[in-house]
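Descriptive analysis of the structure
Residues per chain are reported as follows:
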Amino acid sequence: MRIFYLTSPAFVLSCILGLSALTAHAGDRLLATGGVSQIEGAGGGGLTPWALIAGYGTDDQIGGSAFYTHARTQDAFELNTGGVAVGFYNRIELSVSQTKFELGNTIPHESIRLNTLGIKLRLFGDAIYEQDSWVPQVAVGALIKHNEDFDFVPQLIGAKDATGVDYYLAASKLYLDALFGRNIILGGTLIATKANQFGLLGFGGDLRDDYQIKPSYSAAVMLTDNLLLGLEYRYKPDNLSAFNENDAKDVFVTWFPHKRLSITAAAVDLGDVADKTNQTAWYLSGQFSY
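Here is a short report on the structure shown in this document. On a predicted model such as this, the values are computed, not experimentally measured, just so you know.

1. Digging into the layout of surface pockets
Volume-wise, the largest pocket comes out at about 390 Å³. Lining the largest pocket are 27 residues, with Phe77, Phe101, Leu200, Leu270 and Val273 positioned closest to its centre. Every element with two or more residues in the lining of the largest pocket is listed here: β3 (62-73), β4 (78-88), β13 (261-273) and β14 (276-289). Among the residues making up the lining of the largest pocket, the classes are represented as 22 nonpolar, three polar and two charged. Here the second largest pocket is characterised by a volume of approximately 210 Å³. Lining the second largest pocket are 14 residues, with Leu31, Asn183, Met222, Thr224 and Asp225 positioned closest to its centre. Counting only elements with at least two residues in the lining of the second largest pocket, the list comes to β8 (163-179), β9 (182-193) and β10 (212-224).

Next up, the structure:
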């Protein structure tokens, strides 16, 4: 059984204990309004950050989430990501995650690990409670990433840096009773990035080593009181001559057996990954929120 290592068992334990200690102070927002945990750890969809703050904390509460995600493509690339996020007073979000990417039959029995520290600040708007306004909730954020295995594959194929920062501006809006009485969440995010495959193949490359602004879009609808159907599209840079990089897209279903527990299944199209073309995957993610 493969597990992820978030720097140390003591760190993971302290995060879990911290989450447990805070649960008494949070939990009043509507179901699903903290999003799920995207693969880099921020609150959002599976692929892209949203302007929504992780967890269920309101303006006078602290909320948060902990998650684990597993994905596997048809050519045996395997991704395992885990992390935690804490939202302070529906204003600031801090997150930390680690991704372990198994290289499949491209390089058997080898993997790449990517650590991500995230921060998000809600600037204005309230996606949930300002239903009489067209103004969305808007947030800015940064994802600070470090590739632990940069000297192994990324540097050999032309990546320039082991560490990079993605900066983003996100807008999200919840529409209550919008489609046949169902709630809808719409979002758009602009990401300034130099990351190759989210940073798994380092940052920058021989083709380009400057920031590019790439948009992402997402939409989700509550099919029932505890079932969310959504889709996302994330544009990505193409910095390396060694391998082509395509945009990523997914269709996901999230089930909430309890307000604090969600299980997400998704079909993901990653396009070309390293030396493999047309990589599609199923992923499964579990999240605890408060």
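Continuing now.
2. Examining the pattern of salt bridges
With the rule as written, the count across this model stands at 15 salt bridges. A salt bridge links Arg182 to Asp225, with the shortest nitrogen-to-oxygen separation between them at 4.0 Å. Here Asp225 lies in the loop between β10 and β11 (227-234) and Arg182 lies in strand β9, a separation of 43 residues in the sequence. Look at Arg182 and you get partly exposed, because its relative accessible area is 27%. Taking the shortest distance from any N to any O, the salt bridge between Glu245 and Lys236 comes out at 3.4 Å. Across this residue pair, the class does not change: Glu245 and Lys236 are buried. Look at the salt bridges and you will find they share partners, linking Glu40, Lys145, Asp166 and Arg234 into a network.

3. A short note on the sheet that holds β3
The strand order around the closed barrel built from twelve strands is β3-β4-β5-β6-β7-β8-β9-β10-β11-β12-β13-β14, with neighbouring strands paired in antiparallel fashion. Strand-to-strand twist in this sheet, taken as the mean axis angle between neighbours without regard to direction, amounts to 20 degrees. Pairing analysis gives ten bridges linking β9 to β10, with the strands arranged antiparallel. Across the sheet, Thr189 pairs through a bridge with Ser216, a residue of β10.

4. Structural notes on the nonpolar core
Residues Phe101, Val153 and Leu228 are the most contacted members of the largest nonpolar core, which totals 34 residues. Of all elements in the fold, only β6 (111-124), β10, β12 (248-258) and β13 reach the threshold of two or more residues within this core. It is β13 that contributes the most residues to this core, four residues altogether. Discounting chain neighbours no more than four positions away, the residues touching Leu228 are Ala220, Val221, Met222, Phe252, Val253, Thr254 and Phe256. Ranked by size, the runner-up nonpolar core spans seven residues in total, among them Ala139, Leu143, Tyr168 and Ile191.

Analysis parameters
Residues numbered from 1 in each chain as written. Predicted model: local features only at pLDDT ≥ 70, side-chain atom pairs only at ≥ 80, totals over all residues. Heavy atoms only, no water. 1 Å grid on protein atoms, 1.4 Å probe; cavity = no way out; pocket = protein on both sides within 12 Å on 5 of 7 lines; lining within 4 Å. Points joined across faces, edges and corners; volume = space filled by probe spheres on them. Helix = DSSP H or I, 4+ residues; strand = E, 2+ residues; numbered from the N terminus. Nonpolar A, V, L, I, M, F, W, Y, C, P; charged D, E, K, R; others polar. Salt bridge = Lys/Arg side-chain N within 4 Å of Asp/Glu carboxyl O. Buried < 20%, exposed > 50% of the residue type's maximum accessible area, 1.4 Å probe, protein only. Pairing = 2+ DSSP bridges. Axes fitted to C-alpha atoms, helices over the stretch in contact; angles between N-to-C directions. Core = buried A, V, L, I, M, F, W, Y, C linked by side-chain atoms within 4.5 Å. Contact = heavy atoms within 4.5 Å.

Limitation: the analysis is restricted to geometry and does not speak to function.
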